[in-house]
Structure formats: structure tokens, C-alpha cells
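# Secondary and tertiary structure notes
Listed below are the residues making up each chain.
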Amino acid sequence: MFLRKRALERIAGEKVLFERRRGGDIRICVVYPNVYRLGMANLGFQAVHHIFESDPHVAADRAFLPDPDERAYIRARGERLVSFERGQPLGAFDVIAFSVSFETDYLNLITMLRMAGIPLSRAERAGRNYPLVIAGGSAVFLNPEPIADFVDLFLIGEGEEMVPEFIARFHETGALAGSERMRALALVEGAYLPDYFAPVYDGAGGLARVDYSGPGLPRVSRRLIHDLDRFTTASLILTPESVFGDMYLVEASRGCQWGCRFCAAGFMYRPIRYRGTDNLIAESRRGLEERGVIGLVGAEMADAVADGGGRLSPSSLKADCISPALAAALARNGNRSVTVAPEAGSERMRRIINKNLTEEEILGAAEMMMGEGVENLKCYFMVGLPEEHDEDVVAIAELIGKIVARARAQRRHVGRVSVSLNPFVPKPWTPFQWDAMREPQELKRKVALVRSHLMRLDVGVELDAESPREAYFQTLVSRGDRRVGAILARLSAEHRELPGEIWQGLKAIKREAAAGDGGFVDPDYFVTREYARDELLPWDFIDHHIEKWFLASERKKAHHERQTRPCDVTTCRVCGAC
Ligand code: SF4
């Protein structure tokens, strides 16, 4: 009862900004594989739920990973996971549709199937009366392989056109037998059915080839929408419990023109697309009727938001985009804190990662912001990047020292300075996809080096460093192949959910792999190993419309400390995305 009561209280606290439908015959549960307050802050999840919800053939519901106290309650009583709105068992739906934005949530996806009493493996479910398990979202279109054994069908790419096509095909094929229906669903552009793709490993454990048995070609073309203005991506359901509960979120653009070589978003969403300014302003004004803060908007929105009496909340700003006008608009809107992401401390490292940002631009931006009333500064950096030396790591603390010195020289008040330090995680579809993650011990040493140099500054700096062990798990699920699924199933079976528990579980698996027990591949194989340039990569079957040679050439340029100019979509055709 306690679970239902909490769900009903949450539903009562929601404000739905679209007209709800009674729904059709196809029962679909749209699942966010993390807790409610994170799911409801995720624009991608809200957008895909709305697409399902608006289709006349579909009766949609939602489900979330239960909160920790709810999980304990469910386990203690042997209860089953149910949907959020109607309280239906997940096994009673026709389709369970996971929306996965973060690859670390792959573990939760498996745990949720387990809690729903649905057999984990596709093979065990085949031919039996279980829901079709599908998955989409940005994690999935980078590399779905770690969960390929648990999912019947993936939708690879942006969903605005693909999801309605999937629903239509599912609706039309209701009378077909299971295997025939799956072959028909496989023809939706962007659909990936892992059953048709069988990886074959060589004697050394490497991926030798993938045997294909489905219709058409063994390539999955990632879907993309060309005109963002045809679709609105903004808050659709507001709830105070969301981590962005005080904000109305609006998607201003998709992709990024800068091409930072570590950043998956800068490659997977190519080419960059913007929403029209009129459209954004209208959406922002609509948002101001609901909330005083507009989240995730672009710089061009500052005046419209200010005129509407609201406060603009920019996410991290690129330093060379901070103009005096923007600095003034942010200050006028009451911002006292700003986030800047130099990512690396030294000019050399910023050239290697293609940040296209000089030290003078960073110092100038900080000075401009501080001059306009911003007192608190948060800076994002990474450690463990390819080609990084200790001097580059020390340069992070030196850059903070220079920012503070510049502000003080201009008699600006310096309030709180915080540094967020993240270990480098190599991501598929980036020029650094072949690079290894540094050993956790080595990363701990680098973090300690930054900390010791920050302590020498004459200003208090808060250092928030992400755990190298968490980064290890993130790399495993980012770069793993289908064999990582067995590791995830084991972690889930042992209820290892917190980072420390996951790390202990991975250590046990490493020991078993070394002893040849359990059939596990050592996780280091996917994490701390540099992948060979000519190696078949687990995600190579996806066509992201970016040439592999282009990614390799960007990596070579990194090794020579050469930068690439930001995208100019009007003339450039170099990477294959335009
Ligand atoms: S073709 Fe050129 S402009 Fe287009 S995404 Fe690739 S690099 Fe950027």
C-alpha cells in the first residue's frame, strides 16, 4: 500500500501540460531506468512518453526504478514492480519501452526486468507470452551491446519520427506470428534486433566478425530529424519532485559545433541543429506561465526571459561565447553563479582535446562575468585524458589561481570557487573511442595532485572529484561488447547498486576471470585496454553517418596537438554527417 500511496501522491503533485487521451488497444509502459525525480527531469524521457501517449493506438503508462526504500520494501515482501499510473504489473503490457539516457542505467534496466518477474534473457522469453522489450535513448544509440541479450528490439537514433513508425508497424502486424512480426518490425529504419546479429569471437577473445541473419543489410542507420522546429521538446509534465522542479526546460539546439574529441554528444548528434528563435521565445514565454526559471536555453534567449520577468538558468557556458551583453543579461536575471568548462588546465591539453579555447579567452570571460555581479564560479575539468602529463594536471590549479588573481586585480569580489574534476571516460563514436581509461590508482594520484596544488592558492576552492571507480564502471558499459551483459546480470543478481558495491562485485569478477571461472571476460579488457585501430568495434554495425577514418584522423591530430575548426554546416562536408 505504501508504494501505491506514494505513486498517487506523486501523480497528484504533477501538472500535465498536454491533453491526455483515453488511449487505444496497445498497452505500452514507457520506462525510465532510474528514480522518479531523475526521470521527470529528463526531456528525452518526457518527449518519448508524450509520443506514445499521443498515439491513438496506444494506452501509455510510465514506470521508474523504485526509490531505495521502495526497493527494500518490494524485496522484503517479494512483490512485483508495477506501472506508475495504473499500478499494472509490467508483465501485463504489450510493450515495455525503456528510454535510456545514461549507460550506467543499463544495470537498472536489468534490475527492473528482474523486479517485474520478466525473464532477463531474450532467448528465455522467446515464444512465450511476455511483453516485447524495446529500448532507445542516447546511451543506446552509442552502444547497445552490453544489454543486447536482454532487449528484443532497439530503436537507434532520435525518436520523433521513428517511434510513430514503430507504433504503426506494431499495430499493422498484430495478426502475424512472433518471428514474422519481428522481421516486419526490423524493417523500421533505425530498428536493431540483436537476435539477427551473432558476434563471433576469435581464439584471443577479440570480436572476429558478426554473422547476420535478418532482412536487408547488416547495418543499422541511426535516425535523425532535420528540422527541430517541427517538434517541441520542452517540459510536458511539471512536478516539484523533479531535480529541476523549479524550472521549465526547453531544448534550444541539438548537437554541438565544437567537436571536442572526448565528447560523445558532439559527434552522435551531428550535424548541429538549432530551434528557430521565434519558436524558442514562444516556448519560453509559455514556460514562464508555469515556472520562474527557464532551464537549458541558449544565449539568445536571455532578453526574452528577462522581459518576461523570469530568471535564465544557463547550463555550462563556453567561455568565448560570453559577451558583455550576455554577462549583463545573466546578471540582470539575478544569476550570482556561473559555470565554465575549460575541461583542461593547459593550452597544450586544450589543443589535444580540440577545445578551441585559449587561456586569455577563459580569463577574459571570468573577468567579464565577475564584473557583472557574478560572484561564484564553477569550473569543469577532466583528468586522465590521452597524452596528458603531470604538468597538464597541475595546470588546472594554476588556471584557477590566474582566474582569481585577474578578478582581484580588477577589484571584483570573488565568492565561492568550485572545481569539478571528472576522470576521462572513452566513449564510442568519438576520436578517443580507441583510447584506454587510466587505471583507477593512477587517476586517484592525479586528483590528489590537483588537490595539493589547489590548497596552495590563497583562495578557498571546493574540489568535487568523481570517483575513478565509478568512471571504471561507466567505461565498461560505454565500450563493452555483448559479453558485458553477463557481468551486469551478475551484479544485478547480487543487488549491487551503490558504486562501492559495484566496484566490489567487479573485483570479484576480475578474480574469477583470472582463474578461468564463471566464463567472464576480465572487465579490464574493455576499460583499461587501448583498442587497436583496425579492430572490429562492438558498435561498428551502427551507421552514425560519421566516417570512421574521420574519427581516426581527429585522433591523429590530437597526437600532433592540432585543432580542428568548429563546424560550418553551410560549406563543410568532411565528416560525413552533413
Ligand atoms: S560535415 Fe563538417 S560541418 Fe557537418 S558535422 Fe561534419 S564536420 Fe561538422
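Residues numbered from 1 in each chain as written. Predicted model: local features only at pLDDT ≥ 70, side-chain atom pairs only at ≥ 80, totals over all residues. Heavy atoms only, no water.

Here the focus is a positive patch on the surface. A surface patch of like charges, here positive, comprises Lys444, Arg469, Lys507 and Arg511. Residue placement: lysine 507 occurs in helix 20 (residues 499-515). (Patch = residues over 30% accessible without salt bridge, like charges linked within 9 Å, V, L, I, M, F, W, Y side chains within 5 Å. Areas by Shrake-Rupley, 256 points an atom, 1.4 Å probe, with all protein chains shown as cover. Salt bridge = Lys/Arg side-chain N within 4 Å of Asp/Glu carboxyl O. Lys, Arg positive; Asp, Glu negative; His and termini not counted. Charge placed at Lys NZ, Arg CZ, Asp CG, Glu CD. Helix = DSSP H or I, 4+ residues; strand = E, 2+ residues; numbered from the N terminus.)

What follows is about the site of the ligand. Neighbouring the ligand are Arg270, Cys567, Asp568, Val569, Cys572, Arg573, Val574, Cys575, Ala577 and Cys578. A breakdown of the residues in the shell around the ligand according to their chemical character gives seven nonpolar, no polar and three charged. (Near = heavy atom within 4 Å. Nonpolar A, V, L, I, M, F, W, Y, C, P; charged D, E, K, R; others polar.)

The next thing to look at is the packing of aromatic side chains. Under the counting rule described, the total for this entry stands at 18 aromatic pairs. Geometrically, the ring pair formed by phenylalanine 154 and tyrosine 192 is stacked, given 5.5 Å between the ring centres and 20 degrees between the ring planes. Of this pair, phenylalanine 154 sits in strand 6 (residues 153-155) while tyrosine 192 sits in strand 7 (residues 191-192), placing them 38 residues apart in sequence. Its relative accessible area of 0% is what places tyrosine 192 among the buried residues. Consider the rings of tyrosine 531 and tryptophan 539, whose centres lie 6.4 Å apart with planes at 25 degrees: the pair is stacked. On the accessibility criterion, tyrosine 531 (2% relative accessible area) is buried. We classify tryptophan 539 as buried; its relative accessible area is 0%. Positioned above the aromatic ring of phenylalanine 170 is the side chain of arginine 181, whose terminal nitrogen or guanidinium carbon lies 3.7 Å from the ring centre. Arginine 183 extends its terminal NZ or CZ atom over the ring of tyrosine 196, reaching a point 5.7 Å from the ring centre. (Phe/Tyr/Trp six-rings, centres within 6.5 Å; stacked < 30°, edge-to-face > 60°. Buried < 20%, exposed > 50% of the residue type's maximum accessible area, 1.4 Å probe, protein only. Lys NZ or Arg CZ within 6 Å of the ring centre and 35° of its normal.)

What follows is about the confidence of the model for the chain. For the chain, the mean per-residue pLDDT works out to 91, and 94% of the residues sit at or above 70. Counting interchain partners and residues more than four positions distant, the pLDDT-below-50 stretch residues 297-307 has 28 contacts. (pLDDT = per-residue confidence, 0-100. Contact = heavy atoms within 4.5 Å.)

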